[in-house]
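# Structural features, examined
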Amino acid sequence: MGATRVTETLVLSLLLLLSGSSATQRKKTRAAPRMPCKQMVFYFHDILYNGENAKNATSAIVGAPAWGNRTILAGQNHFGNVVVFDDPITLDNNLLSIPVGRAQGFYLYDRKDYFTAWLGFSFFFNSTLHRGSITFAGADPLNKTRDISVIGGTGDFFMARGIATLMTDAVEGDVYFRLQVYIKLFECW
Amino acid sequence: MGATRVTETLVLSLLLLLSGSSATQRKKTRAAPRMPCKQMVFYFHDILYNGENAKNATSAIVGAPAWGNRTILAGQNHFGNVVVFDDPITLDNNLLSIPVGRAQGFYLYDRKDYFTAWLGFSFFFNSTLHRGSITFAGADPLNKTRDISVIGGTGDFFMARGIATLMTDAVEGDVYFRLQVYIKLFECW
Amino acid sequence: MGATRVTETLVLSLLLLLSGSSATQRKKTRAAPRMPCKQMVFYFHDILYNGENAKNATSAIVGAPAWGNRTILAGQNHFGNVVVFDDPITLDNNLLSIPVGRAQGFYLYDRKDYFTAWLGFSFFFNSTLHRGSITFAGADPLNKTRDISVIGGTGDFFMARGIATLMTDAVEGDVYFRLQVYIKLFECW
């Protein structure tokens, strides 16, 4: 009898626990601790083509509104400019450090009354440090720090999801900027 | 002996339940109920630059095929036109309502024989209502209603995934359209 | 007493198992088997507009750097060219096979010293075979085979995530290429 009672109690506990487990799986609450399963910090360096720096440029304007062109960023906070880039990724903030990967994709400026951007790009790694890619997308309000989404990954970063906190680490006119990218993955396989 | 038997039975139950739990986690079946963990409806309003509405325009053509230009949408169902936008988001279908956020990103027309589009954009919120972003991507067949993917989010929408059902709520020539966006998140943290 | 002991043991087991379950859910380890929940192979065919093939072309250059145009792919490995496409998807590698869907979106070339690309596109299906969309994004190093991310889906592919292995199956000058796309989904609902 005692054993039967124990069984009942435990089966009930099991069901409760299981339903609890299932619930957290579907609908993760904000109260749950948000600990990244992987964290990394990188820098990347963007040198925009301006008609005179063909050799060093790592990016180029490829789209512009009717009032713009592809050599000089447009007025109205560059609204409508689309830039394609292939930028070196470094472990520190030195442009001359040995790159550990490439940041590849595009950004576009999308606001007339002040600077904001939208980004679609990947970090591509092919070294002993990392092999694979991390893909990012999202609005960039160009605040001091801001978050965009990590939407996927391959290789070492297979099925990655998370966020990346961007910080503009340096700007030199319209030609050079450097971003610090603090990647926090919350889904790692 | 009874206790030992109970133990065995329960350990077996545990393993079965656990494997079941694990299976649903990895491979969610279609039979499972698909209840969104969060639902929201918004509208956004797109006013395309046409050479005469510089002040009110919220979007601009920034890419066009060889046979097009950046002031007038191209023939062949606008195939190849790329549009960058920064559109106000409202809670109802009134363009003049106070915006609760901005829809920012791009769309492109990608079919010659009828209208279809591809979208990459974010809803960006920075108010007491919502703070953070939701990022969308996908093909838009421009049917009466159609679904695109929610691929990520930040802030209040940290790690969001789901779908958004788009409905074109109004069109005025090539200058204005309004979309209703019914967001259904199926992963909430 | 025996029953109490059993209860204690089992509650402990439960907690351990549950925490184990929770851990695998949040942080999937590399040791875990990576079995796709769905696998599919498709081909798609891209015919680039070159000024002379308006009727057959399925894609067009819509963005170019200052040194390029929209009829001929730019020098320096096409760096900066943005191409919008609406390509037929077939089940085999024959361009003339009946399409089962359309590959729609864009690719851009993003490296000056050799070929690399970045892709944002969807497979769009609307037949008895499949109904819905799969959306892809990521860097394409244009190696023999390479992986990009599946970042979302709708309809039959609701909430899909995974990777797609791309293989360039044929190239004819700058006008035609055919990609084999081996889709492996690791999250299916």
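A brief report on the enclosed structure follows. Just so it is clear, the structure is predicted and the values come from calculations on it, not from any experiment. (Residues numbered from 1 in each chain as written. Chains lettered and ligands numbered in written order. Predicted model: local features only at pLDDT ≥ 70, side-chain atom pairs only at ≥ 80, totals over all residues. Heavy atoms only, no water.)

Time to look at the state of the cysteines. Residue and element names in this part refer to chain B. Enumeration over the complete set of coordinates arrives at three disulfides over all chains. At a sulfur-sulfur separation of 2.0 Å, the disulfide partner of cysteine 37 is cysteine 188. Residues cysteine 37 and cysteine 188 share a disulfide whose torsion about the S-S bond is about 85°; that sign makes it right-handed. Here cysteine 188 lies in the segment after strand 9 (176-187) and cysteine 37 lies in the loop between helix 1 (2-26) and strand 1 (38-47), a separation of 151 residues in the sequence. The two residues cysteine 37 and cysteine 188 agree in class, both being buried. (Disulfide = S-S within 2.5 Å. Helix = DSSP H or I, 4+ residues; strand = E, 2+ residues; numbered from the N terminus. Buried < 20%, exposed > 50% of the residue type's maximum accessible area, 1.4 Å probe, protein only.)

Turning our attention to the pattern of salt bridges. Residue and element names in this part refer to chain B. Counted under the stated rule, the structure contains 21 salt bridges over all chains. Aspartate 86 is the salt-bridge partner of arginine 102, the closest N and O atoms lying 3.1 Å from each other. Here arginine 102, found in strand 4 (residues 101-109), pairs with aspartate 86, found in strand 3 (residues 82-90); they are 16 residues apart in sequence, far enough to count as distant. On the basis of relative accessibility, which here comes to 19%, the residue arginine 102 falls in the buried class. Relative accessible area serves as the criterion here: at 6%, aspartate 86 is assigned to the buried category. (Salt bridge = Lys/Arg side-chain N within 4 Å of Asp/Glu carboxyl O.)

Let's shift gears to the side chain of arginine 161 of chain A. Its location among the elements puts arginine 161 of chain A in strand 8 (residues 161-172). You can call arginine 161 of chain A buried: its relative accessible area is 1%. If we ignore the near neighbours within four places in the chain, the residues touching arginine 161 of chain A are Val150, Lys184, Leu185, Phe186 and Glu187 of chain A, Ile151, Gly152, Met159, Ala160, Arg161 and Glu187 of chain B together with Arg161 of chain C. (Contact = heavy atoms within 4.5 Å.)

With 40 residues, the main nonpolar core has Phe106 of chain A, Phe106 of chain B together with Phe106 of chain C as its most contacted residues. The contacts of phenylalanine 106 of chain A, once residues within four sequence positions are left out, are Val82, Val83, Val84, Phe85, Trp118, Leu119, Gly120 and Phe121 of chain A, Phe106 of chain B together with Phe106, Leu108 and Trp118 of chain C. (Core = buried A, V, L, I, M, F, W, Y, C linked by side-chain atoms within 4.5 Å.)

Let us now look at the pairing of strand 3 of chain B. All names here are of chain B. Of all the nine residues making up strand 3, nine are buried; the element is thus mostly covered by neighbouring parts of the structure. As paired strands, strand 1 and strand 3 are joined by two bridges and run antiparallel to one another. Bridge pairing in strand 3 places tyrosine 43 opposite threonine 90. In this structure, strand 2 (residues 59-63) lies alongside strand 3, joined through four bridges in antiparallel fashion. Bridge pairing links glycine 63 to valine 82 in strand 3. Sheet topology places strand 3 next to strand 4; eight bridges connect them, and they run antiparallel. Bridging from a neighbouring strand, valine 82 pairs with leucine 108 of strand 4. (Pairing = 2+ DSSP bridges.)

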